[in-house]
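These are the residues of each chain, in order.
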Amino acid sequence: MPECAYTSICDFFVSEVGYSPELNHNMKQHFCLEDNTHCARLLAMDIVGENIPVDMLPTDTERLTELDASM
Ligand code: SF4
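Here the structure is a predicted model, which is why all the values come from computation and not from measurement. Position labels on residues start from 1 in each chain and follow its written sequence. Since the coordinates come from a predicted model, pLDDT governs what is reported: local features require at least 70, and pairs of side-chain atoms require 80 or more to be given and counted, while whole-chain, interface and lining totals use all residues.

Caption draft 1: Highlighting the site of the ligand. Placing a C-beta atom from the backbone of each residue, we mark the residue near a molecule or strand if the atom is within 6 Å of it. Residues in contact with the ligand amount to 13 residues; listed here are only the nearest, C4, C10, C32, N36 and C39. Each helix is a run of DSSP H or I of at least 4 residues and each strand a run of E of at least 2, with the numbering of both proceeding from the N terminus. Looking at the shell around the ligand, the elements with two or more residues in it are helix 1 (11-14), helix 2 (21-32) and helix 3 (40-48). Across the shell around the ligand, the residue classes break down as ten nonpolar, two polar and one charged. Put simply, Ala, Val, Leu, Ile, Met, Phe, Trp, Tyr, Cys and Pro go in the nonpolar bin, Asp, Glu, Lys and Arg in the charged bin, and everything else, Gly too, in the polar bin.

Caption draft 2: Expanded view of the environment of F12. Here F12 lies in helix 1. The exposure label follows from counting other C-beta atoms within 10 Å of a residue's C-beta, where the C-beta atoms are placed from the backbone and the thresholds are 20 or more for buried and 12 or fewer for exposed, leaving partly exposed in between. F12 gets classed as buried once you count the C-beta atoms within 10 Å, which come to 26. A sequence separation of 14 residues divides F12 from N26, and the C-alpha atoms of the two residues are 12 Å apart.

Caption draft 3: Structural detail: the nonpolar core. Counting seven residues, the largest nonpolar core is built from C4, C10, F12, F13, F31, C32 and C39. Breaking this core down by element, the ones donating at least two residues are helix 1 and helix 2. Here, residues touch in the contact sense if the C-beta positions derived from the backbone fall within 7 Å of one another. Aside from chain neighbours lying at most four places away, what touches F13 is T7, K28 and C32. When buried Ala, Val, Leu, Ile, Met, Phe, Trp, Tyr and Cys residues are joined through C-beta atoms within 7 Å, the set is termed a nonpolar core.

Caption draft 4: Here's a closer look at the environment of V14. Tracing the backbone through its elements, the reader meets V14 in helix 1. It is 9.9 Å that separates the C-alpha atoms of V14 and K28, two residues lying 14 residues apart in sequence.

Caption draft 5: Local environment of the packing of helix 3 against helix 4 (residues 63-70). Relative to each other, helix 3 and helix 4 sit at 10°, their axes nearing to 10 Å. The pairing of helix 3 with helix 4 is recorded here as roughly parallel in orientation. Residues A40, L43, A44, I47 and V48 of helix 3 form the contact with helix 4, whose participating residues are R63, L64, L67 and D68. In this description, a line fitted to the C-alpha atoms serves as the axis of each element, helices being fitted only across the stretch in contact, and the angle between N-to-C directions of two axes falls anywhere from 0 to 180 degrees. When an angle is under 35 degrees it counts as roughly parallel; over 145 it counts as roughly antiparallel; between 65 and 115 it counts as roughly perpendicular; any other value is oblique.

Shown next as structure tokens:
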């Protein structure tokens, strides 16, 4: 799959939110530029629209339940 359509507006992609620069780089490479099908931020859009927590990572799938419960 090509680059994610949200790279220009996604807080994760445009900032350095995360644990380490290397981990961020690897997640951006994998999720944002290669395969976003399992990105938690992308899945969260279906739940909260664009109000995705700034600190949510593409790997934070466990937080989807939390977001779902808050709606
Ligand atoms: S973190 Fe997810 S939603 Fe954001 S640009 Fe990357 S793949 Fe797209």
